[in-house]
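As a plain string of letters, each chain reads:
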Amino acid sequence: MTANGWFQISLFFALVLVCAKPLGIYMARVFERERVWTDRILRPIEKLIYRFTGIDETHEMAWTEYAIVMLVFSLVTMLVTYGIERLQNFLPLNPQHLAAVAPDLALNTAASFTTNTNWQSYVPEATMSYLTQMLTLAYHNFFSGAAGIALAVALIRGISRREAKTLGNFWVDMTRASLWVLLPGCLIYALLLVSQGVVQNFRPYDQAKLMQSQIVTTTGTDGKTTTQTVTTQNIAQGPAASQEAIKMLGTNGGGFFNANSAHPFENPTPLSNLLQMFSIFLIPAALTVTLGRMTRSPTHGWAVFAAMAVLFFVGVAVAYYAESQPNPLLHSVDQRVTAMQAGGNMEGKEVRFGIANSALFATVTTDASCGAVNSAHDSFMPLGGLVPLVNIMLGEVIFGGVGAGLYGMLMFVVLAVFIAGLMVGRTPEYLGKKIESFDVKMAMLYVLIFPLSILGFSAVALMMPNLGLSALGNTGPHGLSEILYAYTSATGNNGSAFGGLSANTHWYNLSIGTAMLVGRFLMIVPMLAMAGNLAGKKLVPPSPGTFPVHTPLFTVLLTGVILIVGALTFFPALSLGPILEHLMMHAGKSF
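If you're wondering where the values come from, they're calculated on a predicted model, not measured in any experiment.

Visitor: Could you clarify how one ought to interpret the environment of Met523 in this entry?
Guide: Tracing the chain through its elements places Met523 in helix α17 (residues 506–535). Given a relative accessible area of 6%, Met523 falls into the buried group. Beyond its immediate chain neighbours, meaning those up to four positions away, Met523 contacts Tyr446, Ile449, Phe450 and Val518.

Encoded structure:
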């Protein structure tokens, strides 16, 4: 750990903090239909969209209609994505003449991008045509992110409205999230990325002649080995910058290239790396300000922001410390920090980013359910790899995905307020609304679905040697971590991979695809049900027994509830995975 590393971490968070307030206020005005400076350009376009699609922007939806419309929209777009993947060999913009995507992989990918997960069981540049990348994957990057923002806004309306039966209009919220927030940001952001060297073209792949030929030995599925001499290399390229912008700003994470944000065509410079991390956190952080403004309680929004910030700094400190330590199994290697080397564990990391920015990126991308990576999490030290895993297991509420992080955090807020009410022996209240049994049941249902999917699928995979264990690259506790991370990432709609697991099999494509759908849609329904219930309640005036939700004490309670729920649920699995691996590594054993 160095002063320079901490300076870079502090600079990153300072940028997020400075920009969160103006963007949060802007989004609050957009979704409350107040005038903003972009109206002169975007309002005519919005009206044209409504006229073309037949949307009545004055129509308000009850929570049931809001949920049904969201589910139908997601299903239809998922099926269209599946169809395009299966037919891409007949469609244009396929200069590499790539074949149709296999049925199980196409279904997994369609579910992945529909749910804002962006899990990739394939090599993008060797599997997806330019048309598929742009028309389906980048499209879902926009609309799955916009749906998350719309759902968060619907929950905020449920909290702020009194004696109301509606939560807004899903189509209007989606349109405004896309047109007013995501699209302008991506247009500027993509140009900044191009200026740093991120590619944006439609050229066929170039073929470069190697300066020195390479002998490559491969083993086929039949067990036979073949040896060949390689003298050329295909240089993949394409419309990457446009997809990279929404991939980060929408906390999607699906890379245009297999190496994701470690690829020099996706993330070429330290400045592009900073921009990518900043864009991951920007909207989730700003939504806490939107929460405070729309509920007329700005300090409550900052209290929620503070809880997220505390958990973020704890995670990045542990990851940075763990990766800065020398590997105890490499006794003969000099792992000190010097002017010529970074020291610590540089395995699986890009030299141009170093340990600090690799640990920071891993923390940010798993805090925010983005899933983009600039280093190999599988190569992290056991405690360093523990941090991304725990970040997702806490429910992706440490800033979280665009919208999804906020409504996930608000479910924990309801639980924290409920616990505070039990402590003082009175009915809990949240911003003037009494929290009753139905609200607590919906919050608990939301919280319990998450571990049920993760631990259930992991247990089944571990009990099936021919399906679950045969795809592992490691044994022992590290192998357990690989399986656990895969289902945690899928259910948490994160999309990052621990690595070492060959997930492009029938079992993993179908089971991980199911986990992604469960983690997105089965958790949204109880959230919207609670939002609809809160919207219909009367406001009650605060009393001496009301627990304030804008104080440091509330932040501490909220942070404690998140950690306790996560620790009680997942600690047994973690103790058999990365924690055991850490102890055995120091005992001289690796996996």
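Visitor: Help me understand the environment of Leu445 in this model?
Guide: Looking at where Leu445 falls in the secondary structure, it is placed in helix α14 (residues 437–462). In the structure, Leu445 is positioned 77 residues away from Leu522 in sequence and 9.4 Å away in space, judged by C-alpha atoms.

Visitor: Sorry if this is basic, but what is going on with the environment of Asp173 here?
Guide: Examined against the element boundaries, Asp173 turns out to sit in helix α7 (residues 170–196). A relative accessible area of 1% means that Asp173 is categorised as buried. Sequence separation between Asp173 and Tyr66 is 107 residues, and the spatial gap between their C-alpha atoms is 11 Å. Aside from chain neighbours lying at most four places away, what touches Asp173 is Phe31, Tyr66, Ala150 and Arg157. Only 2.8 Å separates the side chain of Asp173 from the side chain of Tyr66, close enough to count as a polar contact.

Visitor: How should the pattern of salt bridges be read in this particular structure?
Guide: Any two side chains of opposite charge can pair, on the condition that their charged atoms come close. This structure, assessed with the given rule, holds 15 salt bridges. Its salt-bridge partner being Glu46, residue Arg176 comes within 2.9 Å of it at the nearest N-O pair. Taken together, the residues span a long stretch of sequence, with Arg176 in helix α7 and Glu46 in helix α2 (residues 39–53) at a distance of 130 residues. Among the salt bridges present, the one from Lys247 reaches Glu266, with a minimum N-O distance of 2.6 Å. With Lys247 in helix α8 (residues 240–249) and Glu266 in the loop between α8 and α9 (270–294), this pair connects stretches of sequence that are 19 residues apart. When sorted by exposure, Lys247 lands in the same class as Glu266, which is buried. Each of the salt bridges in this network shares a partner with another, and the network as a whole consists of Arg43, Glu46, Glu57 and Arg176.

The rules we used
- Residues numbered from 1 in each chain as written.
- Predicted model: local features only at pLDDT ≥ 70, side-chain atom pairs only at ≥ 80, totals over all residues.
- Heavy atoms only, no water.
- Helix = DSSP H or I, 4+ residues; strand = E, 2+ residues; numbered from the N terminus.
- Buried < 20%, exposed > 50% of the residue type's maximum accessible area, 1.4 Å probe, protein only.
- Contact = heavy atoms within 4.5 Å.
- Polar contact = N/O pair within 3.5 Å; in protein donor to acceptor, adjacent residues only side chain to side chain.
- Salt bridge = Lys/Arg side-chain N within 4 Å of Asp/Glu carboxyl O.

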